[in-house]
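Per-entry structural report
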Amino acid sequence: FMSCSAKLPIYAVFTAAFFPEHAALVMIGLYLTGMLVAIIYALTTKIWYKGEPVPFVMELPNYRMPSPKSVYQLIEQKAKDFITKAFTVIFVASIIIWFLTNFDARLNVVEDSATSLLAWLGGVAAPLFKPMGIGDWRVATALITGFVAKESVVSTLNVLVGADSAGLATIFTPLSAMAFLVFSLLYPPCVAAIAAVRRELGKKWAVIIVIRQCVVAWLASYLVYLIGSLMGF
């Protein structure tokens, strides 16, 4: 439930489009929401799984002032990792999205993206998001591609409607945009993080955690939309 840096493009695009005057407040609110949900979830699971706490001891290394060379090597490594990810996972995902948007099941070029393969895939999942005001197939598709990499959410919306104020306003209202942000905050992270969970806890627990996070994200997003609707937003 903690925000990772990959979700920042989603926050940045939506706050700039719908909450430009309160962008900082919305961003801080999202981070605090993630912390609050994590605490509530931890307290809930504490009731389910009872047992004696296991002592944990970690030996910390000696801290020294980093040399310019080590700082440069670290920056170079992080930049290389980001560029590699941006030009592999995200780039490939964008190409796949473009293909699915422009072709139908018979591999014919479509004039209207609503009749494309992507529309069909998104339409299957779209009803799940309708109670949160984001039941458009393009929104569902963006969230599905977010499982690959959270940056893909923005690139998918950019391909389908345009990741700017005018494009997003065609499928979002400020309230549904907030519900979308909450769902993006809380639903499972990218496949790399899920793979790490699977490696540490096993396939069964990886699936359980993904399902739980989806349920928590759906409930939180629905509550935001419901409360906002009752308050007249």
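What counts as what
Residues numbered from 1 in each chain as written. Predicted model: local features only at pLDDT ≥ 70, side-chain atom pairs only at ≥ 80, totals over all residues. Heavy atoms only, no water. Salt bridge = Lys/Arg side-chain N within 4 Å of Asp/Glu carboxyl O. Buried < 20%, exposed > 50% of the residue type's maximum accessible area, 1.4 Å probe, protein only. Patch = residues over 30% accessible without salt bridge, like charges linked within 9 Å, V, L, I, M, F, W, Y side chains within 5 Å. Areas by Shrake-Rupley, 256 points an atom, 1.4 Å probe, with all protein chains shown as cover. Helix = DSSP H or I, 4+ residues; strand = E, 2+ residues; numbered from the N terminus. 1 Å grid on protein atoms, 1.4 Å probe; cavity = no way out; pocket = protein on both sides within 12 Å on 5 of 7 lines; lining within 4 Å. Points joined across faces, edges and corners; volume = space filled by probe spheres on them. Nonpolar A, V, L, I, M, F, W, Y, C, P; charged D, E, K, R; others polar. Core = buried A, V, L, I, M, F, W, Y, C linked by side-chain atoms within 4.5 Å. Contact = heavy atoms within 4.5 Å. Phe/Tyr/Trp six-rings, centres within 6.5 Å; stacked < 30°, edge-to-face > 60°. Lys NZ or Arg CZ within 6 Å of the ring centre and 35° of its normal. Arc of directions from axis to C-beta. Axes fitted to C-alpha atoms, helices over the stretch in contact; angles between N-to-C directions. Parallel < 35°, antiparallel > 145°, perpendicular 65-115°, else oblique. Left-handed = near helix turned anticlockwise from the far one by under 90°.

Here's the deal with the pattern of salt bridges
Tallying each qualifying case throughout the model produces 1 salt bridge. In this structure, R138 engages D136 in a salt bridge whose closest nitrogen and oxygen atoms are separated by 2.9 Å. Judged by relative accessible area, D136 falls into the partly exposed class, the value being 21%.

Section: a nonpolar patch on the surface
There is a patch of nonpolar side chains on the surface, built from M2, L8, I28, Y31, L32 and M35 and spanning about 550 Å² of accessible area. Take the nonpolar patch: its biggest share by element is 4 residues, from helix α2 (residues 23-48). Along the polypeptide, L32 turns up in helix α2.

As for the layout of surface pockets
By volume, the largest pocket amounts to about 300 Å³. Around the largest pocket sit 13 residues that line it, and C4, S5, A6, K7 and C190 are the ones nearest its centre. Looking at side-chain class alone, the lining of the largest pocket contains 8 nonpolar, 2 polar and 3 charged residues.

Observations regarding the nonpolar core
Counting 43 residues, the largest nonpolar core has F14, L157, F172 and F180 as its most contacted members. Taken together, the elements giving at least two residues each to this core come down to α1 (8-18), α2, α3 (68-102), α4 (117-129), α5 (137-145), α6 (151-160), α8 (174-186) and α10 (203-230). The leading source of residues in this core is α8, at 8 residues. In this view, F14 contacts F19, L157, L168, F172, A177, F180 and L181; residues no more than four positions away in its chain are not counted.

Structural notes on the packing of aromatic side chains
One pass over the structure, following the stated rule, counts 13 aromatic pairs. With 6.3 Å between their ring centres and 70 degrees between their planes, F18 and F172 make a pair best called edge-to-face. Of this pair, F18 sits in helix α1 while F172 is found in the loop between α7 (165-168) and α8, placing the two residues 154 residues apart along the sequence. For F172, a relative accessible area of 3% translates into the label buried. Relative to Y222, the ring of W218 has its centre 5.4 Å away and its plane inclined at 15 degrees; by these criteria the two rings are stacked. Here W218 and its partner Y222 are both found in helix α10, 4 residues apart, which amounts to about one turn of the helix. Looking at K150, its charged tip hangs above the ring of F147, at a distance of 5.8 Å from the centre. K150 extends its terminal NZ or CZ atom over the ring of Y187, reaching a point 4.3 Å from the ring centre.

Notes on α1
Among all positions in α1, only I10, Y11, F14, T15, A17 and F18 are buried. Projected down its long axis, α1 carries its buried residues within an arc of 165 degrees, all on one side. Here the buried face of α1 lies against α2, α6, α7 and α8.

Some remarks on the environment of I134
Tracing the backbone shows I134 in the loop between α4 and α5. I134 sits 43 residues away from A177 along the chain, and the two C-alpha atoms are 8.0 Å apart. With near-sequence residues (within four places) excluded, I134 lies in contact with F129, V139, F172, S176 and F180.

Digging into the packing of α5 against α6
Put simply, α5 and α6 touch, their axes get as near as 8 Å, and they point 150 degrees apart. By the angle between their directions, the pair α5 and α6 is classed as roughly antiparallel. α5 and α6 meet at a crossing whose hand is right-handed. In this structure, α5 contributes W137, R138, T141, A142 and T145 to the contact, and α6 contributes S152, V153, T156, L157 and L160. Taken together, the residues of the contact of α5 with α6 break down into 5 nonpolar, 4 polar and 1 charged.

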